[in-house]
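The chain contents come next:
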Amino acid sequence: MERGNNPKEEQLEQFKVNNYGKKMTTNQGLKVSDDENSLKAGVRGPTLLEDFHLREKITHFDHERIPERVVHARGFAAHGEFELLRSMKEFTRAKFLQDVGSKTPIFIRFSTVVGSKGSADTVRDVRGFAIKFYTEEGNFDLVGNNIPIFFIQDAIKFPDFVHAVKPEPHNEIPQASSAHDTLWDFVANNQETAHMMMWLMSDRAIPRSFRMMQGFGVHTFRFVNEDGKAKFIKFHIKPLLGVHSLVWDEAQKIAGKIRISIDVTFGKT
Ligand code: HEM
């Protein structure tokens, strides 16, 4: 094969830079002659904080990897179409909600909340969704959960709740699920969590598929119509296929649970 016909080689060429004859610079473009020796106070140090080049190189290094999101890390997405079946003109002047039959392209990302990379899909957890409506007037984003209420009433408790629902710190168990000591400790001390816990411990928290669960915007939103009149509204998404859940045993099997049976026979060698 002739050189250049191989797409991989062509792609690689794009990333090659010829620096011949050019000076080395900091990220900000300041010429430097050396990037292997930091500024020191005298021959034996200590290192000086005024060495901005050292600080820049280390900061760059610290940020080379994007850390995993603390919540909603595992996502599953699809493109789709939103079709308006009933005009919302009475409530809003948003263009994509005016004409019955009008279609708006959407992109939707479903997610579980607690699980880290590699965790199972069928865990007992809230399912999140983030919809991007590509409307003629710009993008409209809507986040929601498959449960209509929430664990906490004040955002300042979010880190505490998430620390509690994440795995136990000493053994990283359970992964992607709830109902363990640190979570119950939070629940016992935060009365406002009670309602959400009833949902979380119900079949709703192990949906059979993303097409078989309801969606809720959770927050109260405000629609404003052409006359400037405002109305409080809620977003509810109802699946055409109905609401279906897995049973716990199915959820665990799909997640890879195996049963090992060991026959032990005494008295034989
Ligand atoms: C006090 C309340 C809340 C706080 C502080 C909070 C905070 C967060 C944070 C920090 C993220 C991760 C963002 C990232 O790493 O990119 C997130 C993601 C998300 N949250 Fe919340 N959240 C709260 C309540 C809610 C509620 C009520 C809903 C449902 C309406 C919700 C739905 C979502 C969804 C769907 C995502 C993932 C978005 C995506 O797929 O891109 N959250 N939230």
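Just above, that's the structure.
Residues numbered from 1 in each chain as written. Predicted model: local features only at pLDDT ≥ 70, side-chain atom pairs only at ≥ 80, totals over all residues. Heavy atoms only, no water.

Let's shift gears to the overall build of the protein. Scanning the protein from N- to C-terminus turns up six helices and eight strands. The order of α-helices and β-strands along the protein, N terminus first, is α-α-β-β-β-β-α-α-α-β-β-β-β-α. Whereas a compact globule of 269 residues would reach a radius of gyration of roughly 18 Å, the protein reaches 27 Å, over 25% beyond that. In terms of principal-axis extent, the alpha carbons of the protein reach across some 85 × 70 × 55 Å. (Helix = DSSP H or I, 4+ residues; strand = E, 2+ residues; numbered from the N terminus. Rg over C-alpha atoms; globule rule 2.2 N^0.38 Å.)

Time to look at the site of the ligand. Taken together, 17 residues form the shell around the ligand, and within it Arg 69, His 72, Arg 109, Phe 150 and Phe 158 come nearest. Within the side chain of His 72, a nitrogen or oxygen atom sits 3.3 Å from a nitrogen atom of the ligand. Here an oxygen atom of the ligand and a side-chain polar atom of Arg 109 are 2.5 Å apart. Taken together, the residues of the shell around the ligand sort by class into nine nonpolar, six polar and two charged. (Near = heavy atom within 4 Å. Polar contact = N/O pair within 3.5 Å; in protein donor to acceptor, adjacent residues only side chain to side chain. Nonpolar A, V, L, I, M, F, W, Y, C, P; charged D, E, K, R; others polar.)

If you look at the biggest cluster of nonpolar residues, it comprises 18 residues, and the most contacted ones within it are Val 126, Phe 151, Phe 161, Leu 183, Met 197 and Leu 200. For this core, the secondary structure elements donating two or more residues are helix H3 (158–165), helix H4 (181–189) and helix H5 (194–200). With four residues, the single largest contributor to this core is H3. Among residues more than four places away in sequence, those in contact with Phe 161 are Phe 151, Ile 152, Leu 183 and Phe 186. Leu 84, Met 88, Ile 106 and Leu 142 belong to the second largest nonpolar core, which has 16 residues in total. (Core = buried A, V, L, I, M, F, W, Y, C linked by side-chain atoms within 4.5 Å. Buried < 20%, exposed > 50% of the residue type's maximum accessible area, 1.4 Å probe, protein only. Contact = heavy atoms within 4.5 Å.)

Here we come to the pairing of strand E4 (residues 138–145). Both strand E3 (residues 127–135) and E4 contribute to a ladder of eight bridges, which runs antiparallel. Bridge assignment links Ala 130 to a residue of E4, and that residue is Val 143. From the end of E3 to the start of E4, which pair antiparallel, there are two residues. (Pairing = 2+ DSSP bridges.)

For the rest of this paragraph, the subject is the pairing of strand E2 (residues 103–112). Inspection of the sheet shows strand E1 (residues 75–83) paired to E2 by nine bridges, in the antiparallel sense. Among the inter-strand pairings, Glu 83 is bridged to a residue of E2, identified as Lys 103. Sheet topology note: the E2/E3 ladder contains seven bridges and is antiparallel. Pairing of Thr 112 across the sheet is with Arg 127, part of E3.

To continue, consider the pattern of salt bridges. All told, the structure shown has eight salt bridges when counted by the stated rule. Of the charged contacts, one joins Asp 141 and Lys 132 as a salt bridge, the two residues approaching to 2.9 Å between their closest N and O atoms. (Salt bridge = Lys/Arg side-chain N within 4 Å of Asp/Glu carboxyl O.)

Before going further, it helps to spend a moment on the side chain of Asn 225. Mapped onto the elements, Asn 225 comes out in the loop between strand E6 (221–224) and strand E7 (230–233). Classification of Asn 225 by relative accessible area gives buried; the value is 9%.

With that settled, consider the packing of aromatic side chains. Using the criterion set out here, one finds 13 aromatic pairs in the structure. Measuring from ring centre to ring centre gives 5.3 Å for Phe 96 and Phe 133, while their planes differ by 50°; the resulting arrangement is tilted. Residue Phe 96 is located in the loop between E1 and E2, and its partner Phe 133 is located in strand E3; the two are separated by 37 residues in the primary sequence. Residue classification places Phe 96 among the buried residues on the basis of a relative accessible area of 10%. Judged by centre distance (6.2 Å) and plane angle (45°), the ring pair of Phe 140 and Phe 235 falls under tilted. Placement of Phe 140 in strand E4 and of Phe 235 in the loop between E7 and strand E8 (236–237) is noted, with a sequence separation of 95 residues between them. Here Phe 235 falls in the buried class, since its relative accessible area comes to 18%. Through pairs of rings, three or more aromatic residues link up here, namely Phe 82, Phe 96, Phe 133, Phe 140, Phe 221, Phe 223 and Phe 235. Here the basic side chain of Arg 124 rests over the ring of Trp 248, its NZ or CZ set 5.4 Å away from the ring centre. (Phe/Tyr/Trp six-rings, centres within 6.5 Å; stacked < 30°, edge-to-face > 60°. Lys NZ or Arg CZ within 6 Å of the ring centre and 35° of its normal.)

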